[in-house]
Structure formats: structure tokens, C-alpha cells
Amino acid sequence: MAKKNTFTAAYEDLPKIVKILLQIFLGALVGGIYRILRFVEKNNTTTLVVGILALIPPISFVFWVLDLVTEITSNRISVLAD
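Residues numbered from 1 in each chain as written. Predicted model: local features only at pLDDT ≥ 70, side-chain atom pairs only at ≥ 80, totals over all residues. Heavy atoms only, no water.

## Considering the pattern of salt bridges
Here comes step 1: Across all of its chains, the model carries four salt bridges by this definition.
Here comes step 2: Two residues, E12 and R76, come together in a salt bridge whose shortest N-O distance is 3.8 Å. In this pair, E12 sits in helix 1 (residues 7-12) while R76 sits in the segment after helix 4 (57-74), placing the two residues 64 residues apart along the sequence.
Here comes step 3: Judged by relative accessible area, E12 falls into the partly exposed class, the value being 27%.
Here comes step 4: On the accessibility criterion, R76 (31% relative accessible area) is partly exposed.
Here comes step 5: In this structure, D67 and R35 form a salt bridge, with 2.7 Å as the shortest nitrogen-oxygen distance. Separated by 32 residues along the polypeptide, D67 in helix 4 and R35 in helix 2 (residues 16-42) bring together distant segments of the chain. (Salt bridge = Lys/Arg side-chain N within 4 Å of Asp/Glu carboxyl O. Helix = DSSP H or I, 4+ residues; strand = E, 2+ residues; numbered from the N terminus. Buried < 20%, exposed > 50% of the residue type's maximum accessible area, 1.4 Å probe, protein only.)

Have a look at this one:
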């Protein structure tokens with residue numbers, strides 16, 4: 001059976017340098033949308049709440065930094081994005 005192609009899988013398949021550049025320039029937006037789409041795929045309510053919070057400007061800076069660091073170290077957004 002073929003692997004299901006999802007939006008988050010498409011993002012995760014991007015080259016590392018592209019993901020890092022996306023995080024630097026559009027990190028807060030990318031992180032929030034990634035988590036919301038992850039909720040659609042996995043139905044984890046915590047991921048939805050964090051995704052919405054990640055789009056709120058004062059909070060988005062924290063997630064921007066966390067997502068950038070995890071993207072550099074583990075090549076994926078992993079903090080509260082189950």
C-alpha cells in the first residue's frame with residue numbers, strides 16, 4: 001500500500017536548508033499552520049490548541065525560536081506537534 005501523502009509529510013520532505021529558511025522568515029506562521037494541519041491528520045486536541053496559540057503574536061515568538069532550534073537539531077518541528 002502506498003504511503004499517504006499529507007501536508008505535513010510534504011513539509012517534512014523538503015530539504016533541510018529550505019525548512020530552515022522558511023522558519024527564519026515565516027517561522028511563526030509556518031509553525032502554527034503546521035500544528036493545525038497536524039491536528040487534522042492526527043486528531044490530537046493539544047496540537048490544535050498549541051497551533052492556534054502559535055499564531056498569536058507575543059506567543060508566536062517563543063514557538064518561532066523553538067521550531068527553529070528543533071528544525072536545526074532534529075530536522076522537524078517536534079515541540080507540541082504530535
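Now that the structure has been shown, the text picks up again.
## With respect to the side chain of Q23
Here comes step 1: With respect to the helices, strands and loops of the structure, Q23 is situated in helix 2.
Here comes step 2: The residues contacting Q23, other than those within four sequence positions of it, are Y11, V30, G31, W64, D67, L68, E71 and I77. (Contact = heavy atoms within 4.5 Å.)

## Considerations on the packing of helix 2 against helix 3 (residues 45-53)
Here comes step 1: Between helix 2 and helix 3, the shortest axis-to-axis distance is 8 Å and the interhelical angle comes to 155°. What the angle tells us is that helix 2 and helix 3 run roughly antiparallel. Here helix 2 and helix 3 pass one another in a crossing that is left-handed. In this structure, helix 2 contributes G32, R35, I36, R38 and F39 to the contact, and helix 3 contributes T45, T47, L48, V50, G51 and I52.
Here comes step 2: Within the contact of helix 2 with helix 3, the residues separate by chemical class into five nonpolar, four polar and two charged. (Axes fitted to C-alpha atoms, helices over the stretch in contact; angles between N-to-C directions. Parallel < 35°, antiparallel > 145°, perpendicular 65-115°, else oblique. Left-handed = near helix turned anticlockwise from the far one by under 90°. Nonpolar A, V, L, I, M, F, W, Y, C, P; charged D, E, K, R; others polar.)

## Some details on the nonpolar core
Here comes step 1: Counting five residues, the largest nonpolar core is built from Y11, V30, Y34, I77 and A81.
Here comes step 2: Those residues in contact with Y34, other than ones at most four positions away along the chain, are T8, Y11, E12, R76, I77 and A81. (Core = buried A, V, L, I, M, F, W, Y, C linked by side-chain atoms within 4.5 Å.)

## Brief notes about the packing of aromatic side chains
Here comes step 1: Inspection of the entire model under this criterion finds two aromatic pairs.
Here comes step 2: A centroid spacing of 5.8 Å and a plane angle of 35° characterise the contact between F61 and W64, whose relative ring orientation is tilted. Of this pair, F61 and W64 are both found in helix 4, three residues apart, which corresponds to roughly one turn of the helix.
Here comes step 3: For K19, the ring lying beneath its charged end belongs to Y11, and the centroid distance is 5.8 Å. (Phe/Tyr/Trp six-rings, centres within 6.5 Å; stacked < 30°, edge-to-face > 60°. Lys NZ or Arg CZ within 6 Å of the ring centre and 35° of its normal.)

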